[in-house]
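In case you want the letters, here they are:
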Amino acid sequence: MAGQIAANCAGLTEEQAVTRISGHLHSFWTPVMIAEFGEFVRAYPDDVDPLVLCALARLDA
Amino acid sequence: MTLLHEPDYGTPAALSLARVEVVVDGVPVTVPAGTSVMRAAAEAGFDVPKLCATDSLQPFGSCRLCVVEIDGKKGTPASCTTPCEPGMVVRTQTPRVTELRRNVMELYISDHPLDCLTCPANGDCELQDMAGVVGLREVRYGYDGANHLDAPTDDSNPYFSFDESKCIACSRCVRACDEIQGTFALTIVGRGFDSKVSPGGTSFMDSECVSCGACVQACPTATLEEKSVIDLGIPTRTVLTTCAYCGVGCSFKAELRGDELVRMVPAKDGGANEGHSCVKGRFAWGYATHPDRVLTPLIRDAITEPWREASWEEAIGHAATRIRDIQTRYGVDSVGGITSSRCTNEEVFVVQKMVRAAFGTNNVDTCARVCHSPTGYGLKQTFGASAGTQDFKSVESADVILVIGANPTDAHPVFASRMKRRLRDGARLIIVDPRRIDLVRSAHITADHHLQLQPGTNVAVVNALGHVIATEGLIDRDFVAQRCDLASFAAWEAFISLPENSPEAVEAVSGVPAEELRAAARLYAAGPNSAVYYGLGVTEHSQGSTMVMAMANIAMATGNIGRDGVGINPLRGQNNVQGSCDMGSFPHELPGYRHVSDDAVREQFEVLWGADLRGDPGMRIPNMLDAALTGQFRALFVQGEDIAQSDPNTQHVQRALEAMDLVIVQDLFLNETARYAHVFLPGTSFLEKDGTFTNAERRINRVRPVMAAKTGKQEWEIICDLSTALGYPMAYDSSSEIMDEVAALTPTFAGVSFALLDEVGSVQWPCNAEHPLGTPIMHVDGFVRGKGAFQITAFVPTDERSTRRYPLLLTTGRILSQYNVGAQTRRTANVAWHDEDLLDIHESDAEARGITDGGWVTIASRVGTTVMRAQISDRVPPGVVYTTFHFPGSGANVITTEYSDWATNCPEYKVTAVEITPTLRGPDALLASAEADAGALA
């Protein structure tokens, strides 16, 4: 799902895309979904779009 | 005819601002220029006798009953077709016209059955009334001459009868079918004495008649009469209420004898429908008293056990105990609820309140998830409000109408009739749809452009329109400068002007010729008033939200927002899906579309509700189902929603429901979802409800109880009882109190109350101090968010592609006579028109596969397989197949996939790669075969 969100940021600047993705996760994902996704990212970072990684980092901050 | 005689002024109101003064029977009266003499007389308090005239139709001048004398004019002109002139002196009651009217009536009665005392229209017949009004005392012609008394009766339509012997050939029915409905199914055949009404030389049932009832409503005699009136008699009382089918939200007069509903008649002053109806609302209400209705609570410990009846106290106590047990064991978020888009605002409000305050979670969602959730997202991002911008009446001022992914003649028929009137009056039409829907080419209407795109390429096509607008100097820069965020506009203009968005680049992927795209874009931009109307063909895609934003972009770019005749108009499918969203049936938003994390807003609710509320978003329906399969989500309350039939990937939904420990269903019937339920709480039909619905134009209408709740409880009372049993007391004295609470908490509803609605009929939100009578047109002086925000809408092709194994693309939709999953309409006589879902397939695709018209076919996707009958059709292009989803047996969602909109998870129902193969076995044979196989293995 996060990958699909990132794919639909085509045409945005990197900052705009990261803002959109992090905003989406914050607005629509439950804490459990974010936590589980974080575990997946830690386990398989190469399988995750770099924009999504930035967005997650922003959420954690 | 109708029991509650609303004033009938004989001819439609004139709209001119200029005024004309005339004198009628000595009384001066001032009327708009263009007003007929008949209407001026009526407004002065003088009713001129009439039979062929009625104010819902243009004047016709055929019955000659309305003749008057006018000073300075020769003869006795028909008052219905004579416009008022300044200084005109009219006399409606002179010896000359009185004699003429009696003579006319003599002629009518000489060829009319004299069975008034046994006629079903006795006491409700305009012919009878006019005979009395004109003072008819004898018929000098006698009754032995040639006549039509032996003319046959056409009983083919399940809902109304056409008794030719009683017809006075006033042509009201023909004109109603033409002017109001726009189907043109009726005509007058023959000449002179042989003239008669005909539904195209065949029976009503075999004709193009869509059974909207407009002809029945218009008929002044018993010629066209509801069969329910013939059987039960004339109604004796009326209750004003609102239809519970589609998002048009027609106002109806429920006409009863005692507590027995006799007929539903569209209300003339209904804001959404103005006296018109469709076959569903007008006639298909019998499901409310169908024997399949469950009226008693049911419980069982396991879904493999039979149901047993229980008292309300036992069922609710059992449900509450189980919910708490599950939460104790698996956590507070292991439970959730789904609200109904068919129930009232008040009923939905209390369900989401129960979930938040009593369950203690934000795991609440609604069926908008699977239909118009992208509308809410997309319009909020661009305009700041999650709803359409116009009222239905706005289409009357449109010069160019762009219909995208919608089939209004089937799914929103009463609104479609309005649209067709405007199109017949000269508005231009652009249709974007893979199928040749009825609007492309119908009576007196031909689309200027039918952009017959490949499913899944919506965004590319609208981007191409935007590209033309941007690169050919068609942007309304004054509007953009005044009303829009300039930074976002600049970014969008640069993006949309890229070559990849050009019609020439888009042609290859969409299948729409570049010159067609350019012509359509130029037409839309030219307006001057251009309006977009769209449906689930926009939203039910992996880029549904992107598409909504793309449409909003071109509307802003061309200045088509903020006045009559323009706008972005989502044709919302269900009677209260708008209301369900407004009432906060979302895991991330409280009522009024405020995010749950907004501390200030949440505190208002906490104070009034006396409960701590969560500030983190809860689960959407797809999340709940996924979490059920991992064991994290264990209990679900489902109000008026059949997710086992309506949601995509049926097998996934079924597995998820099976995995849950507790499923509570509150509904009218034991539906597909109830197969997996442990508690069934019987609900009420719209005829028993007391509350409000909000339609697609944000119009809040009253729903009034026509009969007492057959279950003994209103649905909101059930929820209050359940909430109280859970330890969160909830109680109201009436549903009006619930709306008062909504108004107290929701700024856009602040002025709404039952008292206001009873006074003014309906209001469109926002309704508050700033707009005390509501807001027909939004974003007039500014967008809700301030400045309109353009959004970058890059086309990202769906992952669902046709392959060698699944070379065809399936898309789905609705048909006029059935409704959604068919729970209501399948239990009415509407099955006469559509008793099974069929698969539309192009002749070339059928021939290549050896498929015959009417033959059984297997439809296979990568997700599942189902069986239907094929229908060879040229409405679909080669490579595309189409079906409806009204019958559970057809299993349309067995084959739809898990793909969904990136922003809202709205399922991508409209693009599924499939292969179709002929099969000799129908679904029953397949089931029998499966059972036999299972038996052999036992």
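Residues numbered from 1 in each chain as written. Chains lettered and ligands numbered in written order. Predicted model: local features only at pLDDT ≥ 70, side-chain atom pairs only at ≥ 80, totals over all residues.

### Describing the overall build of chain B
Reasoning step 1: Helix and strand counts for chain B stand at 29 helices and 37 strands.
Reasoning step 2: Whereas a compact globule of 938 residues would reach a radius of gyration of roughly 30 Å, chain B reaches 29 Å, a difference of no more than 12%.
Reasoning step 3: Its C-alpha atoms give chain B principal-axis dimensions of roughly 90 × 70 × 65 Å.
Reasoning step 4: If you take every contact in chain B between residues at least 6 apart in sequence, the share linking residues at least 24 apart comes to 72%. (Helix = DSSP H or I, 4+ residues; strand = E, 2+ residues; numbered from the N terminus. Rg over C-alpha atoms; globule rule 2.2 N^0.38 Å. Contact = placed C-beta atoms within 7 Å.)

### What to know about the sheet that holds strand S5 (residues 153-154) of chain B
Paired through backbone hydrogen bonds, the strands of a sheet run either parallel or antiparallel to each other.
All names here are of chain B.
Reasoning step 1: Taking strand neighbours across the sheet as the criterion, the 3 strands line up as S5-S6-S9 in an open arrangement whose pairing is antiparallel. Looking at strand neighbours, the two that pair on one side only are S5 and strand S9 (224-226), the edges of this open sheet.
Reasoning step 2: With 3 bridges connecting them, strand S6 (residues 160-163) and S9 associate as antiparallel partners. Residue pairing for S9: Ser161 is matched across the bridge by Glu225. (Pairing = 2+ DSSP bridges.)

### Some remarks on the packing of helix H10 (residues 373-382) of chain B against helix H19 (residues 544-557) of chain B
Residue and element names in this part refer to chain B.
Reasoning step 1: Remark: H10 packs on H19, axes separated minimally by 8 Å, with the N-to-C direction vectors making an angle of 40 degrees. Taken together, H10 and H19 sit at an angle that is classed as oblique. Crossing of H10 against H19: the hand is right-handed. Residues Pro374, Thr375, Tyr377, Gly378, Leu379, Gln381 and Thr382 of H10 touch H19, and the partners they reach there are Gly544, Ser545, Val548, Met549 and Ala552.
Reasoning step 2: Here the contact of H10 with H19 is composed, by residue class, of 6 nonpolar, 6 polar and no charged. (Axes fitted to C-alpha atoms, helices over the stretch in contact; angles between N-to-C directions. Parallel < 35°, antiparallel > 145°, perpendicular 65-115°, else oblique. Left-handed = near helix turned anticlockwise from the far one by under 90°. Nonpolar A, V, L, I, M, F, W, Y, C, P; charged D, E, K, R; others polar.)

### What to know about the confidence of the model for chain B
Residue and element names in this part refer to chain B.
Reasoning step 1: On average, residues of chain B score 95 in pLDDT, and 98% of them reach the 70 mark or higher.
Reasoning step 2: pLDDT under 50 marks residues 932-938. Its contacts with residues more than four places away, or in other chains, come to 0 contacts.
Reasoning step 3: Both scores are given for the predicted complex: the pTM is 0.95, the ipTM 0.94. (pLDDT = per-residue confidence, 0-100.)

### With respect to the pairing of strand S33 (residues 838-841) of chain B
All names here are of chain B.
Reasoning step 1: Relative to strand S35 (residues 865-872), S33 is paired through 4 bridges, and the arrangement is parallel. Within S35, the residue paired with Asp840 across the bridge is Gln871.
Reasoning step 2: In terms of strand pairing, S33 meets strand S36 (residues 880-884) through 3 bridges, oriented antiparallel. Paired with Asp840 across the bridge in S36 is Tyr882.

### Regarding helix H12 (residues 413-424) of chain B
Residues and elements named next belong to chain B.
Reasoning step 1: A rise of 1.5 Å per residue sets the reference length of H12, with its 12 residues, at 16 Å; its end C-alpha atoms lie 16 Å apart and thus fit the reference within 8%.
Reasoning step 2: Across the 12 residues that make up H12, a large majority, 10, are buried.
Reasoning step 3: Taken as a whole, H12 has its buried residues at Pro413, Val414, Phe415, Ala416, Ser417, Arg418, Met419, Lys420, Arg422 and Leu423.
Reasoning step 4: Residues of H12 that are buried make contact with helix H4 (172-181), strand S17 (400-404), helix H11 (408-411), strand S18 (428-432) and strand S20 (445-446).
Reasoning step 5: Gly426 lies just past H12 and shows a positive phi near 125 degrees. (Expected span 1.5 Å × (residues − 1). Buried ≥ 20, exposed ≤ 12 C-beta atoms within 10 Å, placed from the backbone.)

### Here's the deal with the environment of B:Asn345
Residue and element names in this part refer to chain B.
Reasoning step 1: Mapped onto the fold, Asn345 is located in helix H9 (residues 345-359).
Reasoning step 2: Of the residues examined, Asn345 has 26 C-beta atoms within 10 Å and is grouped as buried.
Reasoning step 3: Distance from Asn345 to Asp582, taken between C-alpha atoms, is 8.3 Å for residues 237 residues apart in sequence.
Reasoning step 4: Apart from residues no more than four positions distant in its own chain, Asn345 is found in contact with Asn576, Gly579, Asp582, Met583, Gly691, Thr692, Phe693, Thr694, Met739 and Val742.

### Observations regarding the interface of chain A and chain B
Reasoning step 1: Taken residue by residue, the interface counts 14 residues in chain A and 15 residues in chain B.
Reasoning step 2: Breaking the side of chain A that touches chain B down by element, the ones donating at least two residues are helix H1 (2-7), helix H2 (14-28) and helix H3 (31-43) of chain A.
Reasoning step 3: Looking at the side of chain A that touches chain B residue by residue, the classes come out as 8 nonpolar, 6 polar and no charged.

### A word on unusual backbone geometry
All names here are of chain B.
Reasoning step 1: The step from Gly527 to Pro528 runs through a cis peptide bond, and the omega angle for that step is 10 degrees.
Reasoning step 2: Within the secondary structure, Pro528 is located in the loop between helix H17 (514-526) and strand S22 (530-534).
Reasoning step 3: The backbone of Glu274 sits at a positive phi, close to 45 degrees, despite the residue not being glycine.
Reasoning step 4: By secondary structure assignment, the location of Glu274 is in the loop between strand S12 (260-266) and helix H7 (279-283).
Reasoning step 5: Phi is positive for His779, which is not a glycine, with a value near 60 degrees.
Reasoning step 6: Take His779: it is sitting in the loop between strand S31 (762-764) and strand S32 (808-813).

### Brief notes about the sheet that holds S12(B)
All names here are of chain B.
Reasoning step 1: Taken together, the 3 strands give an open sheet; going across it, the order is S10-S11-S12, and neighbouring strands pair in antiparallel fashion. Since the sheet does not close on itself, it has two edges, and those belong to strand S10 (237-242) and S12, each with one partner. Pairwise comparison of adjacent strand axes, ignoring direction, gives a mean angle of 30 degrees for this sheet.
Reasoning step 2: Examined bridge by bridge, strand S11 (residues 251-257) and S12 share 6 bridges and lie antiparallel to one another. Each residue of the ladder has a partner; that of Leu256, found in S12, is Leu261.

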